[in-house]
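The lines below spell out each chain.
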Amino acid sequence: LYGVRAPLTLATASTTATHRIAEFVVGANDADGQPCWLCNTSPLPWQGSTLSQPELQRLWRRLMDGGRDGEPSLMTRLPVDARPPSWLRDCPEKQNHRPHWVLRDPARAPFVEVLGSRFLRRYDKDTSVAANKKVHWQLRFPRISKWAEASDGVVPDTVASFTDKAIAAFANAAAHNG
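Note that the coordinates shown come from a computational prediction; the quantities given were computed from them, not determined experimentally.

As a further point, take the overall build of the protein chain. Along the protein chain, the regular secondary structure elements total three helices and nine strands. The N-to-C order of helical and strand elements in the protein chain reads β-β-β-α-α-β-β-β-β-β-β-α. A buried classification covers 37% of the 178 residues belonging to the protein chain. Contacts in the protein chain between residues at least 24 apart in sequence constitute 60% of all its contacts with a sequence separation of at least 6. As presented, the protein chain carries roughly 10600 Å² of accessible surface, and 53% of it is formed by carbon and sulfur atoms.

Quick look at the structure:
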């Protein structure tokens with residue numbers, strides 16, 4: 001998890017209950033070990049996360065309020081006219097897709113488990129047949145199902161393993177669809 005877009009807190013006038021919604025910026029390391037943007041999760045509460053509100057609040061506090069022992073927050077605000085940081089490769093720069101908050105240090109990124117309905121090819125990234133071995137993929141309706149601190153021993157996906165999973169899922173779907 002490398003950033004956050006458009007964090008909102010929703011509440012109704014008739015209740016004190018609030019619901020946080022956010023579009024999280026998800027990525028993985030490429031072959032050079034550099035963070036690469038993969039997708040933004042859906043900002044809609046029913047598509048954006050399978051985390052409960054208490055789990056989402058815990059993640060939010062970790063990103064924005066800092067950690068134990070007076071650590072600074074993991075995220076910093078990205079100025080309105082600023083480009084995404086150079087360390088986050090392939091990150092969208094258009095106003096309606098770029099992050100509003102980014103990690104101060106990508107090495108401290110929390111790990112997230114992301115679910116989606118299926119993999120889609122990103123034809124706007126790779127349209128030539130010659131580049132077919134390096135097809136970029138995206139998840140349809142990506143949402144966070146779990147998160148963990150970097151120190152929890154979780155083995156993260158890389159861009160290569162994400163691509164391998166996408167190709168396998170795409171091939172399996174093609175076999176079932178005739």
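Having seen the structure, we can now continue with the description.
Moving on, we get to the nonpolar core. Counting residues in hydrophobic clusters, the biggest one holds 22 residues, and the most contacted among them are Val 4, Phe 24, Leu 63, Met 75, Leu 88 and Leu 103. Secondary-structure elements contributing two or more residues to this core are strand E2 (18-29), helix H2 (53-64) and strand E9 (143-148). Ranked by residue count, the leading element in this core is H2, at five residues. Sequence-distant contacts of Leu 88, defined by excluding residues within four places in its chain, comprise Tyr 2, Val 25, Pro 35, Cys 36 and Trp 37.

Moving on, we get to the confidence of the model for the protein chain. In this model, the protein chain carries an average pLDDT of 75, and 71% of its residues clear a pLDDT of 70 or more. The secondary-structure element of the protein chain with the lowest mean pLDDT is helix H1 (residues 45-48), recorded at 50, while strand E5 (residues 101-103) shows the highest, at 92.

Look at Asp 90: it is not a glycine, yet its phi comes out positive at around 65°. Take Asp 90: its relative accessible area is 40%, and that puts it in the partly exposed class.

The subject of this paragraph is the environment of Asn 29. Relative to the assigned elements, Asn 29 resides in strand E2. Once the C-alpha coordinates of Asn 29 and Val 159 are considered, the two residues, 130 residues apart in sequence, prove to be 5.9 Å apart. When near neighbours in sequence (up to four residues on either side) are disregarded, Asn 29 contacts Tyr 2, Gln 34, Pro 35, Asp 157, Thr 158 and Val 159. Only 3.3 Å separates the side chain of Asn 29 from the side chain of Tyr 2, close enough to count as a polar contact.

Right, let's get into the pattern of salt bridges. All told, the structure shown has five salt bridges when counted by the stated rule. Two residues, Asp 32 and Arg 89, come together in a salt bridge whose shortest N-O distance is 3.6 Å. Of this pair, Asp 32 sits in the loop between E2 and strand E3 (35-40) while Arg 89 sits in the loop between strand E4 (75-77) and E5, and the two are 57 residues apart along the sequence. The class of Arg 89 is partly exposed, set by a relative accessible area of 33%. Here Asp 157 and Lys 165 are joined by a salt bridge, their closest N and O atoms 2.9 Å apart.

All told, the structure shown has one aromatic pair when counted by the stated rule. Considering the side-chain rings of Tyr 2 and Trp 87, the 5.8 Å spacing of their centres and the 65° angle between planes classify their relative orientation as edge-to-face. Here Tyr 2 is found in the segment before strand E1 (3-11), whereas its partner Trp 87 is found in the loop between E4 and E5, with 85 residues between them in sequence.

Structurally, the position occupied by Pro 156 is in the loop between E9 and helix H3 (159-176). For the pair Pro 156 and Ala 28, spaced 128 residues apart in sequence, the C-alpha separation works out to 7.6 Å.

What counts and how
- Residues numbered from 1 in each chain as written.
- Predicted model: local features only at pLDDT ≥ 70, side-chain atom pairs only at ≥ 80, totals over all residues.
- Heavy atoms only, no water.
- Helix = DSSP H or I, 4+ residues; strand = E, 2+ residues; numbered from the N terminus.
- Buried < 20%, exposed > 50% of the residue type's maximum accessible area, 1.4 Å probe, protein only.
- Contact = heavy atoms within 4.5 Å.
- Areas by Shrake-Rupley, 256 points an atom, 1.4 Å probe, with all protein chains shown as cover.
- Core = buried A, V, L, I, M, F, W, Y, C linked by side-chain atoms within 4.5 Å.
- pLDDT = per-residue confidence, 0-100.
- Polar contact = N/O pair within 3.5 Å; in protein donor to acceptor, adjacent residues only side chain to side chain.
- Salt bridge = Lys/Arg side-chain N within 4 Å of Asp/Glu carboxyl O.
- Phe/Tyr/Trp six-rings, centres within 6.5 Å; stacked < 30°, edge-to-face > 60°.

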